[in-house]
Amino acid sequence: MKVSRENCPVKPLIGKMKREKIVLKHKLQRRESVWSNPNKSLLIDSLLRGYIVPPVYTISEDGIQYVIDGVQRLSTLKGFYNDEFSISKKAEPVIIEGTEYNIAGLKFSKLDQVVKDELDSSAITVYEITEYTDKDVREMFRRLNSGKPLNTSQKLTPDMSDELSDAIFDIISLPFFEKRLTATQLKSSVDQSIALETLMLCSTNKDNDFASFRGKDKENFIEFYNDKVEPEKIEIIKTAINKLDESLEEDVKIPKTSISVLCFAAYRICKDKKSFEKFALKVSEFLATYDDNTEYKDKLMNGTNSAESVRFRLDYWRNIIKELQ
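Residues numbered from 1 in each chain as written. Predicted model: local features only at pLDDT ≥ 70, side-chain atom pairs only at ≥ 80, totals over all residues. Heavy atoms only, no water.

Asker: Quick rundown of helix H7 (residues 162-172)? Include the residues and the values.
Answerer: For H7, the set of buried residues is Leu164, Ser165, Ala167, Ile168, Ile171 and Ile172. End-on, the buried residues of H7 take up no more than an arc of 160°, which puts them together on one face. Structurally, H7 contributes buried residues whose contacts are with helix H5 (134-144), helix H8 (175-180), helix H10 (190-202), helix H11 (215-225) and helix H12 (231-247). (Buried < 20%, exposed > 50% of the residue type's maximum accessible area, 1.4 Å probe, protein only. Helix = DSSP H or I, 4+ residues; strand = E, 2+ residues; numbered from the N terminus. Arc of directions from axis to C-beta. Contact = heavy atoms within 4.5 Å.)

Asker: Account for the sheet that holds strand S3 (residues 56-61), naming residues and giving values.
Answerer: With respect to topology, 5 strands assemble into an open sheet ordered S1-S7-S3-S4-S2, the strand pairing being mixed. Bordering the open sheet on either side are strand S1 (2-9) and strand S2 (22-23), each of which pairs with just one other strand. Note that S3 and strand S7 (residues 123-130) share 4 bridges and pair parallel. Directly across from isoleucine 59, in S7, lies its bridge partner isoleucine 129. Strands S1, S2, strand S4 (64-69) and S7 of the sheet are contacted by helix H1 (residues 10-18), whose axis makes an angle of about 115° with S1. (Pairing = 2+ DSSP bridges. Axes fitted to C-alpha atoms, helices over the stretch in contact; angles between N-to-C directions.)

Asker: Lay out the packing of aromatic side chains in plain terms, naming residues and giving numbers.
Answerer: When we look at a pair of aromatic rings, we describe it by the centre distance and by the angle of the planes. Under the defined criterion, the tally for this structure stands at 19 aromatic pairs. The interplanar angle of 85° and the centroid separation of 5.2 Å between the aromatic rings of phenylalanine 176 and phenylalanine 177 together place this pair among those described as edge-to-face. Grouping residues by exposure puts phenylalanine 176 and phenylalanine 177 together as buried. For the pair phenylalanine 210 and phenylalanine 224, a centre-to-centre distance of 5.0 Å together with 45° between the ring planes defines the contact as tilted. In this pair, phenylalanine 210 sits in the loop between H10 and H11 while phenylalanine 224 sits in helix H11, placing the two residues 14 residues apart along the sequence. On the basis of relative accessible area, phenylalanine 210 is assigned to the buried category, the value being 11%. Taken together, Phe276, Phe279, Phe286, Tyr290, Tyr296, Phe312, Tyr316 and Trp317 form an aromatic cluster joined through their ring pairs. A cation over a ring is seen here: lysine 116 above phenylalanine 108, with NZ or CZ 5.3 Å from the ring centre. Above the plane of the ring of phenylalanine 224 lies lysine 228, whose end atom (NZ or CZ) is 4.5 Å from the centre. (Phe/Tyr/Trp six-rings, centres within 6.5 Å; stacked < 30°, edge-to-face > 60°. Lys NZ or Arg CZ within 6 Å of the ring centre and 35° of its normal.)

Asker: If you had to explain the environment of valine 229 to someone new, which residues and values would you point to?
Answerer: Relative to the helices and strands, valine 229 is located in the loop between H11 and H12. Separated by 85 residues in the primary sequence, valine 229 and leucine 144 place their C-alpha atoms 27 Å from one another. Beyond its immediate sequence surroundings of up to four residues, valine 229 is in contact with Glu163, Leu164, Ala167 and Ile234.

This is how it looks when you write it as structure tokens:
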């Protein structure tokens, strides 16, 4: 593995992102814009004051740098230059060449030109990694994030094989997740958790039972499935999720506890070549009457990740699938 380091001025970094020479989407990384506005403001403020900012780590493939650590910093810069947020109203003025400039409450376009120039020329250290193996990248990601508060789903990512990571990434890249999950859920990587749970349900049979979503059971599934990823199954799952998405009204949100099992049910409908139209009617009826479905909701009261709870939801939809032609 070879590593090079460069102190990159912000303006050229913005240009590289616009030209997609630096890409923020990578299967090991969280989504963009996870930071709150105060944290975003603090980054801009730090750069303008010359404070030290943590470096960005990238891996290079075919002339493109993929960010494996630092997505939030770079997406914050991109957002600020696009006037997506303002610096905190509590920010103190900055002093540049002996002159004081107000920055509080201002978006990029409203800053004095001198302040814009100062931000353009401020630098972030960027590490570029070449001649690496997948193992190198995963182990480095694990170590870089060892002190960060990642949730359960994010902690499981480095344990996945490249094939499984690719499959998860392909699934969560579908429009369904942006439309059906809230911004908070996306920031918390709920989409990754749903994709993994869907794979677990789609792999549950008489020989292998993965109908439990507890952390240890997810770890066991990953270990089992890492070298068993079936591209054809992944394509059916993607097709099924797209069809499920198309069958729902634009503003319909699905209860988080039922998303993975609905994705599984859609997969089975497509795999068994049953009527998706009839299935869609069942889904619409289920969602419309969800608040009154006390039998279903009561089963979720004692923990939604337990084997008993997951098995109930799985059997609930398996029975519906059996009734459809």
